Amino acid sequence: MTRFVLASASPGRRKVLRQAGIDPLVIVSGVDEDAVMETLDPSATPTEVTTALALAKAEAVLGLLDAAVAADCVVIGCDSMLYRDGQLRGKPANADEALLAWQEMAGTSGELFTAHSVIRLQDKAITWRAADATVTAVRFGHPSPADLNAYVGSGEPMAVAGGFTLDGLGGWFVDAVDGDPSSVIGIGLPLIRRLLDEKGISIADLWTANPVT
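Enquirer: What's the story with the packing of helix H5 (residues 95–105) against helix H6 (residues 145–153) in this structure? I'm lost.
Expert: The relative placement of two packed helices comes down to the angle between their axes together with the axis-to-axis distance. Relative orientation of the contacting elements H5 and H6 amounts to 145°, with a least axis distance of 10 Å. In the packing of H5 onto H6, the handedness of the crossing is right-handed. Contact with H5, carried on its side by Ala-95, Ala-98, Leu-99, Trp-102 and Gln-103, involves Leu-148, Asn-149, Tyr-151 and Val-152 of H6 and no other residues of that element. By residue class, the composition of the contact of H5 with H6 is seven nonpolar, two polar and no charged.

Enquirer: What's the story with unusual backbone geometry in this structure? I'm lost.
Expert: Glycine aside, the phi torsion of most residues is negative, and most peptide linkages are trans. One non-glycine residue, Asp-85, adopts positive backbone phi at about 55°. Locating Asp-85 in the fold gives a position in the loop between strand S3 (72–84) and strand S4 (87–89). On the accessibility criterion, Asp-85 (62% relative accessible area) is exposed. One non-glycine residue, Asp-123, lies in positive phi territory at about 55°. As for its position among the elements, Asp-123 is in the loop between strand S5 (109–122) and strand S6 (125–140).

Enquirer: So what exactly am I meant to see when it comes to helix H1 (residues 11–19) here?
Expert: For an α-helix the count is 3.6 residues per turn, leaving residues at separations of three or four pointing the same way. When we look at burial in H1, the residues that qualify are Gly-12, Arg-13, Val-16 and Leu-17. Taken down its axis, H1 places every buried residue within 135° of arc, on the same side. Residues of H1 that are exposed and angled more than 90 degrees away from the buried face: Pro-11 and Gln-19. The elements touched by buried residues of H1 are strand S1 (3–6), S3, helix H7 (181–185) and helix H8 (189–199). At the C-terminal side of H1, Gly-21 shows a positive phi close to 95°.

Enquirer: Even after reading the chapter, I still don't get the side chain of His-116, so can you show me in this structure?
Expert: For His-116, the position within the fold is in strand S5. Judged by its relative accessible area of 0%, His-116 is buried. A polar contact of 2.8 Å, which involves the side chain of His-116, links it to the backbone nitrogen of Gly-188. Dropping the residues within four chain positions of it, His-116 is found in contact with Ala-54, Gly-77, Cys-78, Ala-130, Ala-131, Asp-132, Gly-186, Ile-187, Gly-188, Leu-191, Ile-192 and Leu-195.

Enquirer: Looking at this model, I keep getting lost on the packing of aromatic side chains. Mind explaining?
Expert: Considering all chains together, one arrives at six aromatic pairs under this definition. Plain terms: the ring middles of Tyr-83 and Phe-113 are 6.1 Å apart, the flat faces sit at 85° to each other, and that makes the pair edge-to-face. Here the residue Tyr-83 occupies a position in strand S3, and Phe-113 occupies one in strand S5, the gap between them amounting to 30 residues. Owing to a relative accessible area of 8%, Phe-113 belongs among the buried residues under this scheme. Seen in terms of ring centroids, Trp-102 and Phe-140 are 5.5 Å apart; in terms of plane orientation they differ by 75°. Their pairing is edge-to-face. With Trp-102 in helix H5 and Phe-140 in strand S6, the pair connects residues that are 38 residues apart, well separated along the chain.

About the cut-offs
- Residues numbered from 1 in each chain as written.
- Predicted model: local features only at pLDDT ≥ 70, side-chain atom pairs only at ≥ 80, totals over all residues.
- Heavy atoms only, no water.
- Axes fitted to C-alpha atoms, helices over the stretch in contact; angles between N-to-C directions.
- Helix = DSSP H or I, 4+ residues; strand = E, 2+ residues; numbered from the N terminus.
- Left-handed = near helix turned anticlockwise from the far one by under 90°.
- Contact = heavy atoms within 4.5 Å.
- Nonpolar A, V, L, I, M, F, W, Y, C, P; charged D, E, K, R; others polar.
- Buried < 20%, exposed > 50% of the residue type's maximum accessible area, 1.4 Å probe, protein only.
- Arc of directions from axis to C-beta.
- Polar contact = N/O pair within 3.5 Å; in protein donor to acceptor, adjacent residues only side chain to side chain.
- Phe/Tyr/Trp six-rings, centres within 6.5 Å; stacked < 30°, edge-to-face > 60°.

What follows is the structure, encoded as structure tokens:
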């Protein structure tokens, strides 16, 4: 019975998986994202950056698994960053940064890169790994100054890539998405399904092994 391990503390990712029939084992990676990014070539593409971060998170969790889980599981690492005006943007560092970002991106669009790494463990050994990223275009609305101040004051923008959500308070201020909505929340179901397909792991088997109770 293959256990589905999510290397992320994101409640949005866990919610998406549970709504899709999988109750993951959540183990937070604790990866220092800035340290990982410092090891990358300055010319690395958004796909390369987010994929490297997703892989680092999945790898960090491997040593935290107990023997029973490590005997048969898939570990999923995740990373999302917003690409806008030629720059990759993660979580705003503080409220002032989040407010400025929203003032700049209101009425514009950006590309959200969501990367996933899948590592297959059998008998405590890595038998396969794969990683890739998907891109979703996001068009932002024009929140009023009062709404924007209230949104930033909620603290939500500082906890999420790009300073916005689709499934939370920020959903009021997203006019449209072109691509996979689940990847905007942080876990792209189509991408993970494709990666799992490469190893012959079926979603139906994962439903059985990781039922939502």
